[in-house]
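Survey of secondary and tertiary structure
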Amino acid sequence: MKKLHIKTWGCQMNVYDSARMADVVTPLGYAPTDEMAEADLVIFNTCHIREKATEKLFSELGRAREHQEARAAVGERMLIAVAGCVAQAEGPEIQRRAPYVDMVFGPQTYHQLPEMIARVTRRAGRVLNTDFPAEAKFDHLPLEQAVSGVSAFLSVQEGCDKFCSFCVVPYTRGAEYSRPVAAIVAEAERLAGQGAREITLLGQNVNAYHGEDAGGATCGLGGLLRRLAEVPGVLRWRYTTSHPRDMDDDLIAAHRDIPHLMPFLHLPVQSGSDAILAAMNRKHSADDYRGLVERLRAARPDMGFSSDFIVGFPGETDADFQATLRLVRDVGFAQAYSFKYSRRPGTPAAAMPQQVDEAVMDARLAELQALLREQQDGFNQACVGRTMPVLFDGTSRRDGHVFGRTPFMQAIHVPGPERLIGHALPVEVVEAGTNSLQGRVAANVPEAVI
Ligand code: 5AD
Ligand code: SF4
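It should be emphasised that the depicted structure is a prediction, and the values quoted were computed from it without experimental measurement.

With 23 residues, helix 2 (residues 51-73) should reach 33 Å at 1.5 Å per residue; the first-to-last C-alpha distance of 34 Å fits that figure. Of all the residues in helix 2, the buried ones are Ala53, Thr54, Leu57, Phe58, Glu60, Leu61, Ala64, Gln68 and Arg71.

Here we take up the site of ligand 1. Lining the immediate environment of ligand 1, one finds Ile49, Arg50, Phe166, Gln270, Asp308, Ile310, Phe339, Lys340, Tyr341, Ser342 and Arg344. Between an oxygen atom of ligand 1 and a side-chain N or O atom of Arg50, the distance comes to 2.8 Å. Within the side chain of Asp308, one N or O atom sits 2.6 Å away from an oxygen atom of ligand 1. Its free accessible area being 400 Å², ligand 1 has 87% of it covered by the protein chains. Contributions of two or more residues to the shell around ligand 1 are made by strand 15 (304-311) and strand 16 (335-340). Its residues placed into classes, the shell around ligand 1 shows five nonpolar, two polar and four charged.

Before going further, it helps to examine the domain arrangement of the protein. Buried accessible area, meaning the area lost when the parts come together, often serves as the stated size of an interface. Domains assigned within the protein are domain 1 (2-129), domain 2 (141-381) and domain 3 (387-441). A C-alpha centroid distance of 36 Å is found between domain 1 and domain 3.

A barrel is described by the order of its strands in space; here five strands give the closed sequence 17-18-19-21-20, paired in mixed fashion. Sheet twist, expressed as the mean angle between neighbouring strand axes with direction ignored, is 55 degrees. Sheet topology note: the strand 20 (residues 424-432)/strand 21 (residues 436-441) ladder contains five bridges and is antiparallel. Paired with Ala432 across the bridge in strand 21 is Leu437.

Attention now moves to the environment of Met280. Considering the arrangement of structural elements, one finds Met280 in the loop between helix 9 (274-279) and helix 10 (286-299). Measuring from C-alpha to C-alpha, the distance between Met280 and Gly91 comes to 27 Å, with 189 residues separating the pair along the chain. With near-sequence residues (within four places) excluded, Met280 lies in contact with Cys164, Ser165, Phe166, Gln270, Ser271, Ile310 and Phe313.

Here helix 1 (residues 12-25) crosses helix 4 (residues 113-121) at 65 degrees, and the two axes come no closer than 9 Å. In the packing of helix 1 onto helix 4, the handedness of the crossing is right-handed. Here Met21, Val24 and Val25 of helix 1 come into contact with helix 4, specifically with Leu113, Pro114 and Ile117. Looking at side-chain class alone, the contact of helix 1 with helix 4 contains six nonpolar, no polar and no charged residues.

Turning to the packing of aromatic side chains, a few remarks are in order. Taken as a whole and assessed by the stated rule, the structure comprises seven aromatic pairs. Each ring, one from Phe166 and one from Phe313, has its centre 6.4 Å from the other, and the planes form 85 degrees; the classification is edge-to-face. With Phe166 in the loop between strand 8 (157-158) and helix 5 (169-172) and Phe313 in the loop between strand 15 and helix 11 (318-331), this pair connects stretches of sequence that are 147 residues apart. Note on Phe313: relative accessible area 0%, which makes it buried. Here a set of aromatic residues connected by ring pairs shows up, and it is made of Phe166, Phe313 and Tyr341. Stacked on the ring of Phe58, the Lys or Arg Arg97 has its end atom at 3.7 Å from the ring centre.

What counts, and where the lines are drawn
- Residues numbered from 1 in each chain as written.
- Chains lettered and ligands numbered in written order.
- Predicted model: local features only at pLDDT ≥ 70, side-chain atom pairs only at ≥ 80, totals over all residues.
- Heavy atoms only, no water.
- Helix = DSSP H or I, 4+ residues; strand = E, 2+ residues; numbered from the N terminus.
- Expected span 1.5 Å × (residues − 1).
- Buried < 20%, exposed > 50% of the residue type's maximum accessible area, 1.4 Å probe, protein only.
- Near = heavy atom within 4 Å.
- Polar contact = N/O pair within 3.5 Å; in protein donor to acceptor, adjacent residues only side chain to side chain.
- Areas by Shrake-Rupley, 256 points an atom, 1.4 Å probe, with all protein chains shown as cover.
- Nonpolar A, V, L, I, M, F, W, Y, C, P; charged D, E, K, R; others polar.
- Domains from an automatic or database assignment.
- Pairing = 2+ DSSP bridges.
- Axes fitted to C-alpha atoms, helices over the stretch in contact; angles between N-to-C directions.
- Contact = heavy atoms within 4.5 Å.
- Left-handed = near helix turned anticlockwise from the far one by under 90°.
- Phe/Tyr/Trp six-rings, centres within 6.5 Å; stacked < 30°, edge-to-face > 60°.
- Lys NZ or Arg CZ within 6 Å of the ring centre and 35° of its normal.

In structure tokens, the structure reads:
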């Protein structure tokens, strides 16, 4: 038996891809290990979205090289591979800076891993594979998937055609591609059969989904969710990440009509200033976003929102930043991620004048994060005393507790036995912190009624 160690950075799509890479090499005799030192194959699945994420790769590669040399000293071979978006964007640079890396390959080529491994083990040279192969990757991935636990990811869409001016994704992940409905339904049924009770549909721009249905017509994300809602055994559906422009009426209506589509939506807005939104090529205004939130809340009154923000985009003035704070106050977020703008070579924004000072970015980020934290805290506090369904998916670090998630993705610790894992029960929230809740099981009712 050979050992495989995968380290993953970045988005949930990468988490899904890493699991699928493991599935691809399982038939070759590779079993997963957490210890890099003992691995025969090490894969770094990388993220290129901000500069920091890229830097981390090179420091990890140095560590891997030491293990590789130690193994070589005793006559054993450790293959090192770099996958993901840094591989796609900077393949030749990785080969130049880290010549001991055996394989560099982009996200569209994972199904070709067996051939790539065969090539390097025959010592037929290093592999650099950043093609966008004509055959769809998904059609060539194995049907067998390792058991993924209570919460599973299912990739339905890849790539992005939006070209936000700061973002590398359209270049690293390529054009939008949607998997056919039948393939997604079949994968959901397999996941449910393996015990998945919650499935999160993934895509870089998931609500731009436009897959082919059984009749050959095009189906949007709302239609896909209606079809998936019929899959037995799945208690919860989610999807991420969405673009405000692609939030159509049918998808909003799906939030009204499908009770087990969770009332929590990650909907990145990036900025609250119309001038900055235009420079970002987001193709919507701050008021469009406010209107969208209103329509979603009308469809599903308990809807909680999460978002992404960038501070210090080129040309961002103090007034622009104040507009972002105003939008945050108007919407009221349950949770959010915020970043300093990171200049990415090759994107339009990298060439824009008026790049913002690091110190100004730091100050704006701190102010925005303080406000977002206050809102997250407020959202959590407002849950105290409420009873909500919790899906238990693991043991808690607190003794005698199990760990679960509320519909709003809040982490919650509840006293109870391990056998609750994999089940959903109504839980009364008794205490709230900024990052997690404490609760107690309110009633032992059948899952069908919660
Ligand atoms: N700089 C900073 N943040 C970025 N993001 C994407 N590109 C950049 C960049 N160049 C953020 C956006 C996106 C999230 C995944 O990462 O907010 O929604
Ligand atoms: Fe990047 Fe914009 Fe596409 Fe999101 S929608 S992946 S931010 S280009």
